[in-house]
Amino acid sequence: MVTIDFDFENVGGLHECYAIPAAAFKGTRVNLINNTHQLKTMLSNTEIIAIPMYADDTFSFTEEDEEEDGNKFWNPVIEGIIPKFGLNNDTIEKLARGEWIVLHEDNNGVVRLSGTEEIPLRCTTSPATGRAFADRSETVFRFTASEQQPSVIMESLDLDYYQN
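As the structure is a computational prediction, the values presented were derived from the model and not from experiment. (Residues numbered from 1 in each chain as written. Predicted model: local features only at pLDDT ≥ 70, side-chain atom pairs only at ≥ 80, totals over all residues. Heavy atoms only, no water.)

A. Structural detail: the overall build of the protein. Across its full length, the protein holds one helix and 11 strands. In the protein, the succession of α and β elements from N to C terminus is β-β-β-β-β-β-α-β-β-β-β-β. Computed over its C-alpha atoms, the radius of gyration of the protein comes to 17 Å, within 12% of the 15 Å expected for a compact globule of 164 residues. Its C-alpha atoms put the protein at 55 × 40 × 35 Å along the principal axes. (Helix = DSSP H or I, 4+ residues; strand = E, 2+ residues; numbered from the N terminus. Rg over C-alpha atoms; globule rule 2.2 N^0.38 Å.)

Dropping the structure here:
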């Protein structure tokens, strides 16, 4: 019999997030020892966009699976906010116009890679100032796609780990 392990020190939310341009992505290789993936060596990380995460409930990862016409699909969604609308307009526009592979770590230390070379994630953005003085001025972002495989568990979030 297989029993599911249950960890009572389980917390939600994301801890770190990096958007890697799909054109610069070189794929992954599997580490069979611990059943994790590694990014293939990257020559440069100058086009990668680091998205700071805050310790609150504004950043999340979900991945629903569905079956359609006998085919299985996974729908990863990485979403959060970029505070103070207008501060990062050039970077936000770059996110909205690009195709991305997203490397992210949740608050439990699980590192995932969402998106593939064949089907990269697209980013939608929604700027808002809020209605009341106490509301945040922010841009909500969402990375989404319909993938043929679920997000993979990665060995490390450290991008220097994958450099030559």
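B. Expanded view of a negative patch on the surface. A surface patch of negative charge is lined by Glu64, Glu66, Glu68 and Asp69. Mapped onto the elements of the fold, Glu68 is located in strand S5 (residues 60-68). (Patch = residues over 30% accessible without salt bridge, like charges linked within 9 Å, V, L, I, M, F, W, Y side chains within 5 Å. Areas by Shrake-Rupley, 256 points an atom, 1.4 Å probe, with all protein chains shown as cover. Salt bridge = Lys/Arg side-chain N within 4 Å of Asp/Glu carboxyl O. Lys, Arg positive; Asp, Glu negative; His and termini not counted. Charge placed at Lys NZ, Arg CZ, Asp CG, Glu CD.)

C. Quick peek at the pattern of salt bridges. Counted according to the given criterion, the structure contains six salt bridges. Between Lys94 and Glu47 there is a salt bridge, and its shortest N-O distance comes to 2.8 Å. With Lys94 in helix H1 (residues 89-97) and Glu47 in the loop between strand S3 (36-39) and strand S4 (49-51), the pair connects residues that are 47 residues apart, well separated along the chain. For Glu47, a relative accessible area of 41% corresponds to the partly exposed category. (Buried < 20%, exposed > 50% of the residue type's maximum accessible area, 1.4 Å probe, protein only.)

D. A look at the nonpolar core. Among the nonpolar cores identified, the biggest contains 20 residues, and Ile51, Ile78, Leu95, Trp100, Phe141 and Phe143 are the most heavily contacted of them. For this core, the secondary-structure elements that each account for two or more residues are strand S1 (14-21), S4, strand S6 (71-83), H1, strand S7 (99-106), strand S9 (121-128) and strand S10 (138-144). Counting residues in hydrophobic clusters, the runner-up holds 13 residues, among them Tyr18, Ile101, Met154 and Leu159. (Core = buried A, V, L, I, M, F, W, Y, C linked by side-chain atoms within 4.5 Å.)

E. Just the side chain of Thr36, in detail. Looking at where Thr36 falls in the secondary structure, it is placed in strand S3. On the basis of relative accessibility, which here comes to 10%, the residue Thr36 falls in the buried class. A polar atom in the side chain of Thr36 sits 2.6 Å from the side chain of Asn34. (Polar contact = N/O pair within 3.5 Å; in protein donor to acceptor, adjacent residues only side chain to side chain.)

F. The pairing of S5, seen in detail. Relative to S6, S5 is paired through nine bridges, and the arrangement is antiparallel. Looking across to S6, one finds that Glu63 is bridged to Pro76. Between the end of S5 and the start of S6, which pair antiparallel, lie two residues, with Asp69 showing a positive phi angle near 55 degrees. (Pairing = 2+ DSSP bridges.)

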